[in-house]
Amino acid sequence: MITLIHYPLSVTSRFIRLALAESEISPVLQEEAYWERRPDFLLANPAGTLPVLFEDDSPPVCGVWAVSEYLDETRGFALGDRRLLPSSAAQRAEVRRLTEWFALRFDEEVTGYFVEEKVIKRERARKGGNGSPDSSALRAARSNIRTHLAYIEHLIGERNWLAGERMSYADLAAAAALSVADYLGEVPWTDAEEAKNWYMRLKSRPGFRPLLADVVRGQKPPEHYPALDF
């Protein structure tokens, strides 16, 4: 049995949930408000980052890189042509480069701001903290997301999928990142038609459906969010 400690609007958590789904694994999900840095959570992962994966009685696998590599090493070969890391070293390097770009850099420049200002601050305010969003942070994120959308459009203009001819971890990481921003109504789809078409391909996969059903307290997604064709 696999248990995944996650947060619904964590890009890295969503990426691993998609990877698990593509491996035909339905994990037990445990939601964690990671910003609270609960002692029990820090015992599992002292870095305080998500996701954290437990399989049976084995020690925890912590962090997006460790978990994604663990899944490839333990399940990748059985997927055959559907393996999410390619066979050649050069192709694997490109997938890893783009996975890092979207799972980490996109989050640092875009979704991290949106989630902090629109969700986490509201949760902190429930406990007496400052709940006022920083408008300058939101402006920066709204500017940055256009750069990332343009990069997706550039990649799709040259390839069938982001890292090559087959779907890979790179596509799952980028789709996870965009899905968080989309839940918060912050993706300017009208300016990125090719990126939108690529995203709809990912969004229509069965493993994406649980993400579309996520609901975060106090924050409803826009009406188009769960639609497969929007």
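Everything below is about the structure shown above.
Q: I would appreciate a short explanation of the overall build of the protein chain in the present structure.
A: Scanning the protein chain from terminus to terminus reveals eight helices and four strands. If you list the helices and strands of the protein chain from N to C, you get β-α-β-α-β-β-α-α-α-α-α-α. Counting only contacts in the protein chain whose residues sit at least 6 apart along the sequence, the fraction spanning at least 24 positions is 69%. Here the protein chain contributes 29 positively and 34 negatively charged side chains, and the mean placements of these two sets differ by 3 Å.

Q: Would you explain the sheet that holds strand E4 (residues 61-62) in this entry?
A: Hydrogen bonds between backbone atoms are what pair the strands of a sheet, whose relative direction is either parallel or antiparallel. The four strands lie next to each other as E2-E1-E3-E4, forming an open sheet whose pairing is mixed. This sheet does not close on itself; its edge strands, each paired only once, are strand E2 (28-31) and E4. In terms of strand pairing, strand E1 (residues 2-6) meets E2 through four bridges, oriented parallel. Counted as the bridge partner of Leu4 is Leu29 from E2.

Q: Quick question: what am I supposed to make of the packing of aromatic side chains here?
A: One pass over the full model with this rule turns up 12 aromatic pairs. With a centroid separation of 6.4 Å and an interplanar angle of 45°, the aromatic rings of Phe102 and Phe106 are classed as tilted. A residue pair is termed a helical-turn pair when its members lie 3 or 4 positions apart in one helix, as Phe102 and Phe106 do in helix H4 (residues 89-125) at four residues. Here Phe106 falls in the buried class, since its relative accessible area comes to 0%. Seen in terms of ring centroids, Tyr199 and Phe230 are 6.4 Å apart; in terms of plane orientation they differ by 85°. Their pairing is edge-to-face. Of this pair, Tyr199 sits in helix H7 (residues 193-203) while Phe230 sits in the segment after helix H8 (209-212), and the two are 31 residues apart along the sequence.

Q: Is there a simple way to think about the nonpolar core in this case?
A: For soluble globular proteins, the rule of thumb is that nonpolar side chains tend to be buried together. With 70 residues, the main nonpolar core has Leu9, Phe102, Leu162, Tyr169, Leu172, Leu178 and Trp198 as its most contacted residues. A total of 12 residues in this core trace back to one element, the largest contributor, which is helix H6 (residues 169-183). Setting aside residues no more than four positions away along its own chain, Leu178 makes contact with Phe106, Leu149, Ile152, Val187, Trp189, Trp198 and Tyr199.

Q: Even after reading the chapter, I still don't get the pattern of salt bridges, so can you show me in this structure?
A: Side chains that carry opposite charge are capable of pairing whenever their charged atoms lie near each other. In this structure the tally under the stated criterion is 20 salt bridges. Ionic pairing is found between Glu117 and Lys121, a salt bridge with its closest N-O pair at 2.8 Å. Residue Glu117 and its partner Lys121 are located together in helix H4, separated by four residues, close to a single helical turn. Residue Glu117 is classed as buried on the basis of its relative accessible area, which comes to 9%. Lys121 sits in the buried class, given a relative accessible area of 13%. Note that Glu123 and Arg217 form a salt bridge whose closest N and O atoms lie 2.4 Å from each other.

What counts and what doesn't
Residues numbered from 1 in each chain as written. Predicted model: local features only at pLDDT ≥ 70, side-chain atom pairs only at ≥ 80, totals over all residues. Heavy atoms only, no water. Helix = DSSP H or I, 4+ residues; strand = E, 2+ residues; numbered from the N terminus. Contact = heavy atoms within 4.5 Å. Lys, Arg positive; Asp, Glu negative; His and termini not counted. Charge placed at Lys NZ, Arg CZ, Asp CG, Glu CD. Pairing = 2+ DSSP bridges. Phe/Tyr/Trp six-rings, centres within 6.5 Å; stacked < 30°, edge-to-face > 60°. Buried < 20%, exposed > 50% of the residue type's maximum accessible area, 1.4 Å probe, protein only. Core = buried A, V, L, I, M, F, W, Y, C linked by side-chain atoms within 4.5 Å. Salt bridge = Lys/Arg side-chain N within 4 Å of Asp/Glu carboxyl O.

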